[in-house]
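# Structure assessment
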Amino acid sequence: MQIQVPEISLWQVLPELIVLATAVGVLASDLFVKSVQRVNVTLTATLGLLIAFFTARSLEASATPIFAGMVVRDSLSILLDQIFLAGAMLVTWIGHEYARRNPRQFPEFTALVLFATIGMMVIAMSADLIPLFVGIELLSLPLFVLAGSDKDRLASGEASLKYFLLGAFSTGFLVYGIAFIFGVTRTTNLTVIGQSLAAHAEATPLLVLGFALLLVGLGFKISLAPFHMWAPDVYQGAPTPATAWIATGSKIAGFVALMRVFTLPDVSFAALSDYWTPGIWWLALITMIIGNAGALMQSDLKRMLAYSSIAHGGYLAMAFTSGTRIGAEATLFYMAAYLLMTVGAFGVAIAASRSGQECEKIADLSGLARQRPWLAFAMSIFMLSLAGMPGTAGFVGKLWLFGAAVQAQYYSLALIGVLTTLLSFYYYLRVIVYMYVHEPDDRLLFNRYSFSNGLALTVCAVGLVGLGVFPNLLWSTIRLCTGAV
Amino acid sequence: MTIGIEHYLVVSLVLFLLGLFIVVTHRNGVRILMGVELILNSANLNFVAFNRYMPDSALSGNVFAIFVIILAAAEAVVALAIVLAVYQQFSTIHMDEISNMKH
Amino acid sequence: MNAYFWLIPILPGLAAALNGLAPKATGRMAGHLAVLAMLGSLAISSMALFAALTAGHAFQPIDIDYFTWIGVGGLNIPFGVYVDQLSLVMMMVVSFVGSVIFIYATGYMHGDPGYVRFFTYLPLFTFFMFLLVMGNSLPLLFVGWEGVGLCSYLLIGYFYDRDYAAAAGMKAFIVNRIGDFGFLLGMLLLFWYTGSLKFTGLFEAAPGVFTAGGAVITVITLLLFVGATGKSAQLPLYVWLPDAMAGPTPVSALIHAATMVTAGIYMIARLNPLFSMAPVTLLVVGTIGGLTALFAASIALVQRDSKKILAYSTVSQLGYMFLALGSGAYIAAIFHLMTHAFFKACLFLGAGSVLHAFHRDTDVDVFEAGGLRKYMPYTRATFLIATIAISGIPPLAGFWSKDEILWEAFAAGRVFLWFLGILAAFCTAFYMFRLYNLLFSGEFRGTEDQRHHLHESPAVMWLPLAVLAAFSICIGCVNMPLLGYTGFHDFLHPVFAHGAAHGAEAVEENAFLASSFLSEHMLEWIFAGISVVVAVVAILFARVFYVWFPNMPERMREAFSSIHTILFNKYYVDEMYHAGFIQTYFNGCGAANWFDNRVIIAGLNGLANTVRGLADRLRRIQTGLAPHYALGTLAGMVFLVVVFLLCY
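## Regarding the overall build of chain B
Along the backbone of chain B there are 3 helices and 0 strands. Reading the helices (α) and strands (β) of chain B from amino to carboxyl end gives α-α-α. Summarising the internal contacts of chain B: among those between residues at least 6 apart in sequence, 46% fall at separations of at least 24.

Dropping the structure here:
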């Protein structure tokens with residue numbers, strides 16, 4: 001038996017390696033340095049992420065898979081790498097603030113965020129179901145730990161255990177589904193699958209069953225109803241920066257995985273879209289309704305944001321279902337916008353703490369505008385963007401999402417989407433009302449927030465407004481990825 | 001009687017359903033974890049069987065199974081750590097009692 | 001040179017951003033920062049103008065796309081600048097008059113609690129104004145158009161704690177919305193027919209798509225003109241401009257006299273290839289302009305507030321410009337726009353200087369003033385120069401531009417427009433000298449306490465006045481057709497040649513001219529003579545009424561009390577609008593309110609309660625028990641499998 005060593009082109013995965021080195025370095029610093037300065041950890045992580053970011057930018061896109069067909073460095077993966085790295089940077093910054101009040105979890109927190117980021121980046125570039133699965137696990141395991149990293153709060157442990165058990169459960173479905181797909185197609189390589197489907201596209205019941213199971217597994221990651229039930233509890237219980245990364249990075253990665261498996265033309269199951277779209281169609285419908293209905297009456301800020309995040313997963317899934325190019329573009333654009341507004345919202349939740357008291361209830365934001373006007377203003381931008389107010393990236397993104405749904409003639413889906421969006425204004429605006437109209441109910445002052453958190457919030461707010469007014473800044477890059485120049 | 005691929009598939013399906021049953025009915029965290037392991041192993045069985053019965057096999061089923069085993073091990077490590085931590089806080093790993101967050 | 005064009009709007013934009021975002025950091029330096037930014041823009045604009053002048057006939061319009069601003073489907077709008085002779089003239093007016101007014105404002109607004117706020121809005125305004133005159137597509141022009149509207153609103157309501165200022169801001173905003181609606185519709189129709197909104201693309205496509213004089217182009221241009229009547233305060237949408245004087249005086253000078261209100265004229269001149277194809281629209285434009293010129297001038301005859309008089313004067317002068325546009329004399333319109341910017345800014349700043357002496361923000365009753373020449377010599381001198389200029393006395397700037405408009409209107413066969421114009425010219429000279437006489441001649445009529453405080457303004461204020469006055473004297477010399485020099489006309493000619501070539505025969509030749517035994521040049525001299533005589537007579541009247549026989553106005557008022565009442569109350573237009581539109585609107589609102597409360601709100605409340613109840617019920621699924629969640633996942637899987645297999 002002859003063993004062929006595939007060509008190893010490490011420089012193509014240099015961004016991932018840099019993040020890995022940074023994560024290990026951060027983790028090791030805790031072992032070898034007696035008392036680690038918080039600032040140094042954050043600075044190191046920022047530096048590593050920045051280098052990785054610019055390395056990713058400088059990579060040349062190529063559609064030819066590398067590492068024996070396992071991964072591909074196409075422009076999509078390069079763009080997503082940048083999104084993930086930027087997101088990780090923002091989360092590190094808001095986590096820095098959180099760590100000041102909870103120093104015990106530092107610097108593991110930063111290292112775990114970076115490890116999870118590697119998982120996301122692996123998903124983004126996988127051209128085979130094996131790295132896809134590995135990436136999902138690489139992403140999930142650090143997040144399970146992150147969710148439980150606040151050992152002083154019961155809720156954190158509870159969140160971690162629930163997240164883990166249900167996550168592992170859904171992984172079971174995922175693997176089982178992949179097994180069926182492998183059984184039918186006799187390969188796990190998406191490129192090969194796409195090529196053979198291009199020759200003749202047909203599905204067997206076993207394959208369709210595989211799709212269903214795969215969708216359960218990935219549906220968990222992006223918390224599509226009814227696989228969403230973990231999300232509110234975990235978002236509420238996990239430490240807020242961890243929640244931010246679970247809500248954004250993990251969800252975006254889940255969608256990327258779906259994209260890699262289902263919608264990329266010629267290198268996925270896109271040719272069989274007639275078979276898998278109805279399932280996602282229904283999930284999107286249920287998710288939009290459940291997410292918005294759940295958020296409507298919440299008094300807990302993070303829980304409300306959790307349901308809002310579920311609802312946004314529904315909107316994304318709606319555009320995703322269309323399977324068209326514009327649908328993919330809209331999904332990508334909205335992912336970036338969603339990242340900014342969600343990280344920003346959780347960032348405000350961290351910053352708006354009072355001495356010895358985290359911001360938990362929406363009512364805890366009362367009077368924020370009076371004491372921390374910039375914080376309240378930034379939060380308003382995030383809320384309005386989440387609601388889809390014109391002038392913000394949320395509006396442009398939603399417009400395209402609904403446009404994609406309408407173009408694919410999913411009129412009822414788009415209608416439900418618009419109606420639930422209208423509903424969502426209620427709970428988003430409620431936050432603004434609390435900040436600007438209500439007086440604080442006690443004498444406790446809000447803490448000063450750190451520079452890093454302020455920076456992250458500013459970046460998010462400016463980015464949202466910038467993309468809202470000049471969507472082309474990102475749109476043109478996205479169009480390059482989806483092949484329309 | 002020759003053992004064919006169907007036999008493997010049926011065994012795997014039984015394992016899968018058993019796993020599902022355990023996860024849904026049991027309240028003990030560790031038992032739920034064991035149910036999950038059953039599900040993962042049923043998938044592994046599928047992978048290996050498909051790989052065995054495929055004429056032009058490229059071994060990727062076996063490889064996948066190995067990856068699943070490795071990651072399941074990693075998962076178990078994390079799981080036990082989490083369970084321990086939760087046990088320290090709640091003095092129980094009964095999921096009924098670890099349900100402060102709801103609605 | 002061309003590589004720096006983007007700096008022209010960006011510099012004031014940057015100043016606005018700095019002052020707006022870091023008010024504490026800029027503090028007392030806010031004004032200087034803004035002035036510096038404006039001077040930078042002025043320098044670049046001047047260099048661009050110089051380059052164009054030296055290039056002469058070889059000058060080609062510069063069209064730079066910086067990036068794609070909106071690119072969706074067939075719609076592709078770049079973000080870029082279009083700089084031709086017309087833009088250059090506008091850029092020079094905005095940056096030069098802007099700079100002078102900025103400098104003046106640092107003195108005028110000194111010590112005001114809202115100093116930084118003021119110098120945030122004002123550079124922001126110039127940012128949008130540059131965008132308006134430099135943008136290379138209609139949407140970009142529209143962004144500038146709305147941007148200056150916003151800044152205008154903010155600055156009118158600058159003294160936001162006074163009810164009338166806040167109300168005036170609202171009025172300006174709402175009235176402009178009506179016009180903007182027309183503008184938007186026109187723009188959408190243009191896109192619908194030509195598929196392009198970039199000026200170059202638009203002008204290329206227009207001759208092929210529209211038939212000259214056809215219904216489509218007429219409707220489009222009329223809609224665009226509706227937008228212009230709003231922004232440039234023409235009948236019937238002029239009502240916001242007099243109220244806009246509630247803002248600080250530099251604002252009135254810059255926004256509501258020199259630059260923003262001329263946006264409508266610029267827009268029509270910019271789109272001249274389209275308007276030239278629609279003779280009916282041109283007739284409407286000219287008629288509205290002529291009527292507005294006379295109408296506003298007649299109101300100005302009897303007003304008592306110095307800034308109100310100047311505001312009506314602005315409306316009237318804008319009317320002249322539309323009159324010129326409607327006669328196909330685009331260049332004359334732009335010429336008058338330019339001269340008007342100088343002398344009207346000078347007049348407003350002079351009035352501001354008087355207000356400064358009275359320690360007031362907005363209004364001084366002219367009958368309370370008088371005899372100020374003793375106390376404010378510089379202000380008086382510059383004010384007098386600008387007054388002579390606006391009255392149309394040669395060789396000052398106003399004479400050349402106004403005379404050209406009247407002559408072009410006559411030559412184009414619009415004799416009635418010429419007649420309206422000459423009547424308005426009489427009124428203009430009269431009310432301007434009335435204002436001058438009441439402010440500066442005679443004896444002071446105010447209280448002793450006021451007299452005690454009267455003083456000349458500081459140099460930082462009267463020097464800008466002097467600069468503007470100097471330009472009011474000499475800027476007319478760029479175009480003196482009577483003396484055979486037409487430099488300005490030749491410079492701008494290429495901008496309008498294209499449209500003229502493709503346009504319908506918009507204006508017929510004057511039959512009188514054709515048959516006349518006099519040469520055209522001779523007639524031109526005669527008409528100029530008529531204008532001058534009319535102006536001089538008006539000035540004498542004003543002198544008689546307000547200086548030599550100070551009790552004449554009182555007697556005239558009694559003799560013609562009904563006419564005076566109508567004029568003084570501005571033809572009751574505001575009252576008519578109130579009764580006709582606003583009251584009807586309120587009545588409609590009342591009915592809608594009832595319907596809203598009794599039917600919609602009641603229904604919605606019911607619906608909302610139902611939704612909330614359902615949402616609350618739905619929330620209860622979340623039991624907090626992980627196995628239940630697993631069960632949910634399982635149910636989902638079964639559901640998915642069923643759906644998938646059903647669809648298979």
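## Overview of the interface of chain C and chain A
Many analyses report the size of an interface as the accessible area lost when the parts associate. Each side of the interface is counted separately: chain C has 27 residues, and chain A has 30 residues. Contributing elements (two or more residues each) for the side of chain C that touches chain A: β1 (62-72), α27 (573-619) and α28 (626-647) of chain C. With 14 residues, the top contributor of residues to the side of chain C that touches chain A is α28(C). Residue composition of the side of chain C that touches chain A, grouped by class: 17 nonpolar, 7 polar and 3 charged.

## What to know about the interface of chain B and chain A
Across the contact, 37 residues belong to chain B and 31 residues belong to chain A. At the level of elements, α1 (5-25), α2 (29-53) and α3 (60-90) of chain B are the ones that each hand at least two residues to the side of chain B that touches chain A. No other element matches the 17 residues that α3(B) contributes to the side of chain B that touches chain A. Here the residues of the side of chain B that touches chain A are counted per class, giving 27 nonpolar, 8 polar and 2 charged.

## Brief notes about the confidence of the model for chain B
Of the residues in chain B, 98% have a pLDDT of 70 or more, and the chain-wide mean is 90. Reported confidence for the predicted complex is 0.95 by ipTM and 0.69 by pTM.

## Considerations on helix α15 (residues 373-387) of chain A
All names here are of chain A. With 15 residues, α15 ought to run about 21 Å at 1.5 Å a step, and its terminal C-alpha atoms sit 21 Å apart, in line with that. Taken across its 15 residues, α15 has 12 buried, putting it largely inside the fold. Phi turns positive, to about 95°, at Gly388, one or two residues after α15.

## Side note on helix α2 (residues 38-58) of chain A
Residue and element names in this part refer to chain A. Taking 1.5 Å per residue as the helical rise, α2 with its 21 residues ought to reach 30 Å, and the 30 Å between its terminal C-alpha atoms agrees with that figure. For α2, the complete set of buried residues consists of Val41, Thr42, Ala45, Gly48, Leu49, Ala52, Phe53 and Ala56. One side of α2 holds all its buried residues, which, seen down the axis, span an arc of 140°. Looking at α2, the residues exposed on the side facing more than 90 degrees away from the buried face are Val39, Leu47 and Ser58. Summarising the contacts, the buried residues of α2 are in contact with α1 (14-32), α3 (75-101), α4 (108-125) and α18 (451-469).

## Considering the packing of helix α9 (residues 215-231) of chain C against helix α14 (residues 279-300) of chain C
Residue and element names in this part refer to chain C. Their axes nearest at 9 Å, the elements α9 and α14 cross at an angle of 20°. With respect to α14, the axis of α9 lies roughly parallel. Handedness of the α9/α14 crossing: right-handed. Facing α9, whose interface residues are Thr218, Thr221, Leu222, Phe225 and Thr229, α14 presents Val280, Thr281, Val284, Val285 and Ile288.

## So, unusual backbone geometry
In this model, Leu235(C) is joined to Pro236(C) through a cis peptide bond whose omega is 0°. A positive phi angle is found at Arg186(A), which is not glycine, with a value near 65°. Inspection of the secondary structure puts Arg186(A) in the loop between α6 (154-185) and α7 (190-199). Residue Gln409(A) is not a glycine yet carries a positive backbone phi of 65°. Within the fold, Gln409(A) resides in the loop between α16 (393-407) and α17 (411-436).

## Comments concerning the environment of Phe377(A)
The residue Phe377(A) is located in helix α15 in this model. Through-space distance from the C-alpha of Phe377(A) to that of Ile432(A) is 8.9 Å; in sequence the pair is 55 residues apart.

## Things to note about the environment of Val261(A)
Looking at the secondary structure, you find Val261(A) in helix α10 (residues 240-263). Those residues in contact with Val261(A) that lie beyond four places of it in its chain are Leu190(A), Leu214(A), Ser268(A) and Phe269(A).

Calculation notes
- Residues numbered from 1 in each chain as written.
- Chains lettered and ligands numbered in written order.
- Predicted model: local features only at pLDDT ≥ 70, side-chain atom pairs only at ≥ 80, totals over all residues.
- Helix = DSSP H or I, 4+ residues; strand = E, 2+ residues; numbered from the N terminus.
- Contact = placed C-beta atoms within 7 Å.
- Nonpolar A, V, L, I, M, F, W, Y, C, P; charged D, E, K, R; others polar.
- pLDDT = per-residue confidence, 0-100.
- Expected span 1.5 Å × (residues − 1).
- Buried ≥ 20, exposed ≤ 12 C-beta atoms within 10 Å, placed from the backbone.
- Arc of directions from axis to C-beta.
- Axes fitted to C-alpha atoms, helices over the stretch in contact; angles between N-to-C directions.
- Parallel < 35°, antiparallel > 145°, perpendicular 65-115°, else oblique.
- Left-handed = near helix turned anticlockwise from the far one by under 90°.

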